[in-house]
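Residue-level structure breakdown
Chain residues, written in single-letter form:
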Amino acid sequence: MSASPSRVAVFGAGYVGLVTGACLAELGHSVVVRDVLPERIAALRRGEVPIYEPGLADLIARNRERLAFTTDVAEAIDSADYVYVAVGTPPTYSGDADLSAVWMVIDELPAIDGRCVVVMKSTVPVGTGLRVRHRLDERGLEQVGYASNPEFTAEGTAVADFFRPDRIVVGSFRDEDGDAVVALHRGIEGPVVRCDVASAEMIKLAANAALMTRISFINEIANVCEATGADVVRVAEGIGLDRRIGPSFLRAGIGFGGSCFPKDSLALKQLAANSGYHFQLLNAVIEVNELQKRRVIGKLHRHLGPLRGKRVALLGLAFKPHTDDMREAPSLVLAGRLLAEGADVRAWDPVVDGHDLHGVEIANSPEAAADGADAVVVVTEWPQLADVDWAVVGRTMRTPVLIDGRNFLDPELIQAAGFRYEGIGRAADTRGV
Ligand SMILES: NC(=O)c1ccc[n+]([C@@H]2O[C@H](COP(=O)([O-])OP(=O)(O)OC[C@H]3O[C@@H](n4cnc5c(N)ncnc54)[C@H](O)[C@@H]3O)[C@@H](O)[C@H]2O)c1
């Protein structure tokens, strides 16, 4: 395995598998992506991309010659130099990661004559690599290498992140397997961290935990700002300029969601607990996040009183902009709480279809969602919301109340448009309350 084009099999045609496969094809490698969902593979073969990720559809179209899709294991593995595992690892009932899809991939591997490397992209508990190594050995696949190459790309910027990574982490049991994974990335600039497999697995979980901790930290500061009259936006700016702290992930809001942070924090918490350690800080981070999503309901109560019969417009459904991923999106908690309180919920999102959200009416524009509403809530900071003519929207509403769950809009502009505005961690506008 060298700098020359390699043959790569990618198991899992989800957010990570498709981005990994398309980006490796762009680097010149020959890639076959395998999934168990026939309709997903059929759509990809027709040229349809089943997820929304900026730049991905173009990348797939441009690399058609080097990128194939299949449901067939043998076809994917056929003389592959690398077998990437990019299947889902959702939480189980206990909060531990569900590794059944990972084991399915390992157990489905056919007898392999030559030498290839199994590369774990899925986020897995520390110790998984060792268990996979044992399983490969038990199956007589001792010559097959193993490396952990965790994924750090963020949905919405995944393609750009892949080609400009902050770092590439490669953990391996044998140096030659790590060397092979590094060689596969030739053409990408970025620091490479080489380590043992357990440390690579922990780097992924710890990086996510650090980011979540910053979010819950600034959200708690925001809550104290609200109680004391400070403005968290200015506070975040003031602390973020400290080089020891830095500005990223200091944006107060209604909490994190998505397919990674909630599940990976639970997995790390359980990993620690299963090893006899009580991870107090992480527990607090998770709890702060849960409460944060619900604070919007309290704000609506303050402005509208009981919510029964009130109409609330949720602007944005995806867990963050530039993705259609709804896994653990705060909008789901908000919609559920509002419906439970008897409110009418209408929602808009530019890419999430939302028709499976029971009880929520879907509107085709922010203006249509807000029409006749008692309040609008900015749930996801889609850039389109900056272009809305809020003065016009306010006039169509029953009461012009705007809760900015992402501190995305300019409070002065929104107030000048006739709204009662309330952000997160900023002095509330209590006119008329
Ligand atoms: N989504 C992200 O931004 C992100 C970022 C970093 C890490 N991760 C991790 O990467 C992994 C994949 O995440 P995702 O968001 O791409 O998941 P996903 O649910 O979007 O995709 C997983 C895919 O794997 C397929 N699959 C299941 N069993 C299979 C098998 N035996 N063979 C082939 N395909 C199979 C599923 O049908 C599905 O299409 C997870 O462990 C996740 O924690 C995700």
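Residues numbered from 1 in each chain as written. Predicted model: local features only at pLDDT ≥ 70, side-chain atom pairs only at ≥ 80, totals over all residues. Heavy atoms only, no water.

**Some words on the overall build of the chain**
A count of helical and extended segments in the chain gives 16 helices and 14 strands. Rg of the C-alpha trace for the chain: 24 Å, near the compact-globule value of 22 Å for 433 residues, within the 12% margin. In terms of overall dimensions, the chain has C-alpha extents of about 75 × 50 × 40 Å along its principal axes. Split into buried and exposed, the 433 residues of the chain put 52% on the buried side. Averaged over its 45 positive side-chain charges, the chain has a centre that lies 4 Å from the centre of its 58 negative ones. (Helix = DSSP H or I, 4+ residues; strand = E, 2+ residues; numbered from the N terminus. Rg over C-alpha atoms; globule rule 2.2 N^0.38 Å. Buried < 20%, exposed > 50% of the residue type's maximum accessible area, 1.4 Å probe, protein only. Lys, Arg positive; Asp, Glu negative; His and termini not counted. Charge placed at Lys NZ, Arg CZ, Asp CG, Glu CD.)

**Quick word on the site of the ligand**
With respect to spatial proximity, 28 residues lie near the ligand, and among them Val 16, Asp 35, Thr 89, Glu 155 and Lys 263 are the closest. Take Thr 123: an N or O atom from its main chain is 2.9 Å from an oxygen atom of the ligand. Compared with its free state, where it exposes 840 Å², the ligand has 90% of that area covered by protein. Mapped by element, the contributors of at least two residues to the shell around the ligand are helix 1 (15-26) and helix 5 (100-108). In terms of residue class, the shell around the ligand is made up of eleven nonpolar, eight polar and nine charged. (Near = heavy atom within 4 Å. Polar contact = N/O pair within 3.5 Å; in protein donor to acceptor, adjacent residues only side chain to side chain. Areas by Shrake-Rupley, 256 points an atom, 1.4 Å probe, with all protein chains shown as cover. Nonpolar A, V, L, I, M, F, W, Y, C, P; charged D, E, K, R; others polar.)

**A short note on the pattern of salt bridges**
Inspection of every chain in the model, using the stated rule, returns 26 salt bridges. We note a salt bridge from Arg 62 to Glu 26, for which the minimum N-O separation is 2.9 Å. In this pair, Arg 62 sits in helix 3 (residues 56-62) while Glu 26 sits in helix 1, placing the two residues 36 residues apart along the sequence. For Glu 26, a relative accessible area of 31% translates into the label partly exposed. (Salt bridge = Lys/Arg side-chain N within 4 Å of Asp/Glu carboxyl O.)

**With respect to helix 2 (residues 38-45)**
Ile 41, Ala 43 and Leu 44 are the residues of helix 2 that are buried. For helix 2, the arc enclosing every buried residue in end-on projection is 160°, short of the 170-degree limit, so these residues lie on one face. Facing away from the buried side of helix 2 by more than 90 degrees, the exposed set consists of Pro 38, Glu 39 and Arg 45. Where helix 2 is buried, its residues contact helix 1, strand 2 (30-34), helix 3 and strand 3 (67-70). Looking one or two residues past helix 2, Gly 47 carries a phi angle of roughly 95°, positive in sign. (Arc of directions from axis to C-beta. Contact = heavy atoms within 4.5 Å.)

**Section: the packing of aromatic side chains**
In this structure the tally under the stated criterion is six aromatic pairs. Between Phe 256 and Phe 261, the aromatic rings sit 5.7 Å apart at their centres with planes inclined by 90°, giving edge-to-face as the arrangement. Phe 261 matches Phe 256 in its accessibility class, with the two residues each being buried. Put simply, the rings of Phe 249, Phe 256 and Phe 261 touch in pairs and so form one group of aromatic residues. The ring of Phe 152 has Arg 167 sitting right over it, with the charged end atom 3.7 Å from the ring centre. (Phe/Tyr/Trp six-rings, centres within 6.5 Å; stacked < 30°, edge-to-face > 60°. Lys NZ or Arg CZ within 6 Å of the ring centre and 35° of its normal.)

**Notes on the side chain of Glu 341**
By secondary structure assignment, the location of Glu 341 is in the loop between helix 13 (330-340) and strand 10 (344-348). Once residues lying within four places of it in the same chain are set aside, the contact partners of Glu 341 are Ile 297, His 301, Leu 307 and Arg 308.

**Digging into the sheet that holds strand 1 (residues 7-11)**
The strand order 3-2-1-4-5-6-7-8 describes an open sheet built from eight strands, whose pairing is mixed. Edge positions in the open sheet fall to strand 3 and strand 8 (192-195), since each of these has one partner strand only. Taking the axes of each pair of neighbouring strands and ignoring which way they run, one obtains an average angle of 25° across the sheet. Pairing of strand 6 (residues 145-148) with strand 7 (residues 168-172), which is carried by two bridges, proceeds in the antiparallel orientation. Across the sheet, the residue bridging to Ala 147 is Ser 172, located in strand 7. Its contacts with the sheet place helix 2 against strand 2 and strand 3, and it is angled at close to 150° to strand 3. (Pairing = 2+ DSSP bridges. Axes fitted to C-alpha atoms, helices over the stretch in contact; angles between N-to-C directions.)

**Focus: the environment of Asp 374**
Along the chain, the position of Asp 374 falls in the loop between helix 14 (366-370) and strand 12 (375-378). Between the C-alpha atoms of Asp 374 and Leu 304, which are 70 residues apart in sequence, the distance is 7.6 Å. Residues within four places of Asp 374 in sequence aside, it is in contact with Leu 304, Lys 310, Arg 311, Met 397, Arg 398, Thr 399 and Val 401.

**Re the nonpolar core**
Judged by nonpolar contacts, the single largest core of 56 residues is most densely connected at Leu 300, Leu 314 and Trp 390. Once you skip the residues sitting within four places of it in the chain, Leu 300 turns out to touch Gly 305, Leu 307, Val 312, Leu 338, Ala 375, Val 377 and Ile 403. One finds Ile 41, Tyr 82, Phe 162 and Ile 168 within the second-largest nonpolar core, a separate group that totals 35 residues. (Core = buried A, V, L, I, M, F, W, Y, C linked by side-chain atoms within 4.5 Å.)

**Digging into the state of the cysteines**
Counted by the stated rule, this structure contains zero disulfides. For the unlinked cysteine Cys 195, the closest cysteine sulfur is that of Cys 260, found at 19 Å. (Disulfide = S-S within 2.5 Å.)

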